[in-house]
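The lines below spell out each chain.
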Amino acid sequence: MKKLVVLISGNGSNLQSILDACADGRINGSVAAVFSNKATAFGLTRARAAGVPAHALAASDFPDRDAFDRQLMQEIDAFAPDLVVLAGYMRILSSAFVAHYQDRLLNIHPSLLPKYPGLHTHRQALANGDDEHGTSVHFVTDELDGGPVVLQAKVPVFADDSEEAITARVQHQEHAIYPLVINWFVEGRLAMREGKAWLDNQPLPPQGYAHD
Ligand code: GRF
């Protein structure tokens, strides 16, 4: 059975969707451990409730980003994961971290990449009057939110939408597509090669699969 390590910083609703999918067989794997850069992250409670080891590391205990990531890598590697999953992990990764987990590091970003890398994506979609928004699962490279997209899910934006409403709509889609993509990876259908995402030995187009 393939092993996942999940990194979080907050609520962990995506983590929960992954734990649930492992429990009911939609992901043919298990979460070996969860790490957070915030000791108060509710996702740590979710992990422990599921019987999964959960640890927090505080940036203030380390002199710099490289030292923090070195320790994190050491702790992650003790669980020998096949895949490292970023699920709301709100901390910039060092190049050494990205290189170490190259081709086995996934992230979910709440926008239709390449639109809106970085923070406050929902607010930007609303402010720009977009009529559609969404979320992207992608492999992680050194470019922030810039690695090859595997799968996107789109949601409509309505004229009277609030940031909360659109966030909830996007997250509902995230909880469906992230477990799906993770299962593609653990079943050996999904890989990153030559800087591209491949599904069933076919290179995916730049914006991955469109999933409406
Ligand atoms: C998600 O919307 C994800 O796209 C973004 O951070 C949010 C995390 O939410 N990277 P949660 O902690 O999984 O509830």
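This section reports on the structure supplied with the text.

Calculation rules
- Residues numbered from 1 in each chain as written.
- Predicted model: local features only at pLDDT ≥ 70, side-chain atom pairs only at ≥ 80, totals over all residues.
- Heavy atoms only, no water.
- Axes fitted to C-alpha atoms, helices over the stretch in contact; angles between N-to-C directions.
- Helix = DSSP H or I, 4+ residues; strand = E, 2+ residues; numbered from the N terminus.
- Parallel < 35°, antiparallel > 145°, perpendicular 65-115°, else oblique.
- Left-handed = near helix turned anticlockwise from the far one by under 90°.
- Contact = heavy atoms within 4.5 Å.
- Nonpolar A, V, L, I, M, F, W, Y, C, P; charged D, E, K, R; others polar.
- Polar contact = N/O pair within 3.5 Å; in protein donor to acceptor, adjacent residues only side chain to side chain.
- Near = heavy atom within 4 Å.
- Areas by Shrake-Rupley, 256 points an atom, 1.4 Å probe, with all protein chains shown as cover.
- Buried < 20%, exposed > 50% of the residue type's maximum accessible area, 1.4 Å probe, protein only.

At a closest axis distance of 9 Å, the pairing of helix H1 (residues 13-23) and helix H6 (residues 163-186) adopts a crossing angle of 45°. The angle between H1 and H6 places the two elements in the oblique class. Crossing of H1 over H6 shows right-handed handedness. The residues of H6 that touch H1, namely those facing Ser13, Asn14, Ser17, Ile18 and Ala21, are Gln171, Glu174, His175, Tyr178, Pro179 and Ile182. Here the residues of the contact of H1 with H6 sort into 5 nonpolar, 5 polar and 1 charged.

Moving on, we come to the side chain of His133. You can see His133 is positioned in strand E6 (residues 132-139). A polar side-chain atom of His133 sits 2.9 Å from a polar atom in the side chain of His122. For His133, the contacting residues outside a window of four places in its chain are Pro110, Ser111, Leu112, Thr121, His122, Ala125, Ala153, Lys154, Val155, Val157, Ile166 and Val170.

Once that is clear, we can look at the site of the ligand. All residues in the neighbourhood of the ligand are listed as Asn11, Gly12, Ser13, Asn14, Gly88, Ile108, Pro110, Gln171 and Glu174. At 2.5 Å from an oxygen atom of the ligand is found a side-chain nitrogen or oxygen belonging to Ser13. Relative to its unbound accessible surface of 370 Å², the ligand loses 87% to contact with the protein. Among the secondary structure elements, those contributing two or more residues to the shell around the ligand are H1 and H6. Looking at the shell around the ligand, its residues break down into 2 nonpolar, 6 polar and 1 charged.

It is worth spelling out unusual backbone geometry at this point. Apart from glycine, the bulk of residues carry a negative phi angle, and the bulk of peptide bonds sit in the trans form. The linkage connecting Leu113 with the following residue, Pro114, adopts the cis geometry, with an omega of 10°. Mapped onto the fold, Pro114 is located in the loop between strand E5 (105-109) and helix H5 (121-127). The phi dihedral of Ala80 is positive, around 45°, even though this residue is not glycine. One can find Ala80 in the loop between helix H3 (65-77) and strand E4 (83-86). Even without a glycine there, the phi angle at Asp103 is positive, about 75°. Relative to the helices and strands, Asp103 is located in the loop between helix H4 (95-100) and E5. We classify Asp103 as partly exposed; its relative accessible area is 31%.

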